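Spelled out, the chains give:
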Amino acid sequence: MNELSFFAADATAGLVEGLNPQQREAVEYRGPALLIVAGAGSGKTRVLTHRIAHLLATKDAWPSQILAITFTNKAAAEMRERVRYLLGEAADGMWLKTFHSACVMILRRESGRLGHDSNFTIYDSGDSRAILKRLIKELGADIHKLTPAGVGAAISNAKNELADAESYARNVDQNDPVARMISEIFSRYQYELRKNNAFDFDDLIGETVHLFRAFPEVLAQYQQKFKHILVDEYQDTNHAQYALIRELAKTASLTVVGDSDQSIYAFRGADIRNITEFEKDFPGAKTILLEQNYRSTQNILSAANAVISNNFDRPAKNLWTAAGDGDKIVGYTGYSSHDEAQFIADEINKLHSKSQGDDAIAFRDIAVFYRTNSQTRALEDIFIRSGIPYRVVGGTKFYERQEIKDAMAYLVAIANTRDDLATRRILNVPKRGIGDASETQIASYAEKNNLSVRQVLSHVSDLGFGPKITGAINQFAELMDNLEAMIPNENVDVILRAVLDRTGLLESLRNSKDPQDEARVENLEELVSVAREFQRNNPEGRLPDFLNEVALVAAADELDDESGTVSLMTLHTAKGLEYEAVFLTGIEEGLLPHRMSFITPGGMAEERRLFYVGITRARKKLHLSLAMTRTTFGESESATPSRYLQEIPSDLIDWRESGSGRGMPTTRYRASIADDQGYGSSEGSSGGYGGTPSTKEKKVWSGAISSVRNNEGLQLEVGDMIEHSDFGKGKVIATAGEGARQTAEIHFGSVGTKRLLVKVAPISKL
Ligand SMILES: Nc1ncnc2c1ncn2[C@@H]1O[C@H](COP(=O)(O)OP(=O)(O)OP(=O)(O)O)[C@@H](O)[C@H]1O
Ligand SMILES: [Mg+2]
């Protein structure tokens, strides 16, 4: 239904109805420059959307004259949908884009002037990395310990400051050989891009600015086109983006909205000054402050206000809400990250429960935030066990991550030497000189002679490779034999650690300066923790048992339930979003604030803003949790509560179970530890179920979900009798979750109790 149809007499009235006076003023203002600064949840994005609709409805602008910039594609899509809802088709033809997509549009049309064809390629960071790697090698830059990631970051920073390779070279300290080398790589890198008719991500913005500056007639065209430019999340623009807006907005009316307290991208060059100095940059600008928050309850806001007031150098603002105090914030200190995750799962189930009546909260209105991706693993494990549907927003689920798959492939390959898929995956990971051509040759030899790839590796002399490749293959085969020999006697975590250390998997990531690789190291450390925990829970368990356990979890990962899922995401991804209930996890020193911020200037304040962003996503229910011990790389370390927690007035938080939440674990913790111990997928697993995993389970691990059984619709209840293709008859003794995520604990006479994912287990009901 089109809202405006109710307001035929005055098509614009509906667009300001329900807005407060400041919001309304912001929507109706007409002038060269408008700055809307306001705290979280005060309606900035809503005002921007209504302002666009209002400009169109009043015929102050045609859709083609509007350029609106949002931070993510998702935000752009939502805004378009909203304007369409307000106005119908009148909304079509607007440029509602991210910085990058707007620049791509411009460059596609104009790139000829820059010596590119309009069908240029856009290189992602992986592509850039590959070029840089080659250049570093060609120039012998590795003697300076330069890495693709390190050089890539330097180039990216330069581009965000609008420096090109030439100006970079001019400013380089000629006495600094490393800086000179980076500069040399920079210019060769640009040469490569040009030769390949490609732009990298940073170029998209930088080259558009360059285009405008070099060709005033092109700029003039766009200046004439866009009469109104509107930018959301302006606090996170970097210098290049700022320059772009400045060029375009010389004659247009510019509206920017932002909140300097939510600036969380300084590490990518975002500059809060773009917002604080707006009035200076755009003389005659009007500033409107919004102070009423429409999103959260007073308790949540008071916590947010209290936290952010600890940052210096910020104009005081005080958000208020008419929503009432609402519930207290719930605090929880878990004994371990698992205990923390269990608490979250229990709470989510409570919030979701039908017993809440009308207050029940749908899964889709619940979100869990964390600072680093590696924190998802404990959450994912527990959610799967509890049957809570979830999705990881803007990230890859733990067991789908490349580094985790690589490490797991090693384990699978040694546990099942016939698994060619696994062996081939790791043949040249990390790189050891067994290239694609060699791999193909090995594989076809294997097929012809009916051998496994692994067997061929032991007969490499038959293949006629040169000495270098033969040497590399022999070394690899020996490594795999040695690792395999560990299986009967060693604990799983010890084997995994050996895999990570002896294969060079960890080392190659550790040597990289790429922040993503740092995250990958953290993920691998997390995997060691998984193995350690498995061993603790299954003292007799061997590698194949561990692989079965993981296969179960990974298989459930693949099954996404469309009908409402809990969202898991990093705090950075959460910007601009809102949820009925929010869980902020891992509020510990070293995580939030992140340990990297201890040594970064301004890092502590930026982390505080991140915490502020997290808190202010919640409408009604906010949970803050932490763990007393966190396991990193298999070692348990005691964690300290985040300093930011002290900044929240204690009367706003209801610490569950333990008086201060920071003391000794109470009975509840002990109970849940006991639960943890008791939770074992396979009691008696060392009994009849040792050895190589069955083909069916192996397929599950390999991700070939579609080829395994699909018991769609099969629901089990306690007491049901079933038949399993490997274990025979069994009785269901417990179930958790529903639908595709239902798991069942089943007691089999032959092998003890197993926990199985009902949808994919090879079972039928008797
Ligand atoms: N005048 C209003 N009446 C009712 N609801 C409003 C009003 N203004 C804003 N809201 C609602 O308040 C919530 C927050 O608004 P919005 O997302 O626009 O805030 P924001 O300032 O952009 O927040 P953030 O800083 O987190 O991006 C939304 O659900 C929005 O629909
Ligand atoms: Mg917003």
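The following refers to the structure shown. Every value quoted in this text rests on a predicted model; they were computed, and no experiment measured them.

## Topic: the packing of helix α15 (residues 298–308) against helix α27 (residues 603–615)
Thinking step 1. Contact pair α15 / α27: the axes reach a minimum separation of 9 Å and the direction vectors enclose 175°. The angle between α15 and α27 falls in the class roughly antiparallel. Across from Ile300, Ala303, Ala304, Val307 and Ile308 in α15, the residues of α27 making contact are Arg608, Phe611, Tyr612 and Ile615.
Thinking step 2. Residue composition of the contact of α15 with α27, by class: eight nonpolar, no polar and one charged.

## Examining the site of ligand 1
Thinking step 1. Taken together, 19 residues lie near ligand 1, and Gly43, Lys44, Thr45, Arg46 and Tyr294 sit nearest.
Thinking step 2. The leading source of residues in the shell around ligand 1 is helix α3 (residues 44–57), at three residues.
Thinking step 3. Of the residues contributing to the shell around ligand 1, the split by class is four nonpolar, 10 polar and five charged.
Thinking step 4. Split by domain, the residues of the shell around ligand 1 number at least three in each of domain 1 (3–110 + 206–290) and domain 3 (320–394 + 561–657).

## Regarding the pairing of strand β9 (residues 329–334)
Thinking step 1. The element β9 is extensively covered by neighbouring structure, given that five of its six residues are classed as buried.
Thinking step 2. Inspection of the sheet shows β9 paired to strand β17 (residues 653–655) by three bridges, in the parallel sense. In the strand pairing of β17, Val330 is matched with Asp654.
Thinking step 3. When β9 meets strand β14 (residues 618–627), the two strands line up parallel, connected through five bridges. Considered in β14, the bridge of Gly334 is made with Ala627.

## Some remarks on the environment of Asp420
Thinking step 1. With respect to the helices and strands, the residue Asp420 is situated in helix α19 (residues 420–426).
Thinking step 2. Each C-alpha atom, one on Asp420 and one on Arg454, is 7.3 Å from the other, the two residues being 34 residues apart in sequence.

Criteria and cut-off values
Residues numbered from 1 in each chain as written. Chains lettered and ligands numbered in written order. Predicted model: local features only at pLDDT ≥ 70, side-chain atom pairs only at ≥ 80, totals over all residues. Axes fitted to C-alpha atoms, helices over the stretch in contact; angles between N-to-C directions. Helix = DSSP H or I, 4+ residues; strand = E, 2+ residues; numbered from the N terminus. Parallel < 35°, antiparallel > 145°, perpendicular 65-115°, else oblique. Contact = placed C-beta atoms within 7 Å. Nonpolar A, V, L, I, M, F, W, Y, C, P; charged D, E, K, R; others polar. Near = placed C-beta within 6 Å. Domains from an automatic or database assignment. Buried ≥ 20, exposed ≤ 12 C-beta atoms within 10 Å, placed from the backbone. Pairing = 2+ DSSP bridges.

By themselves these figures say nothing about function.
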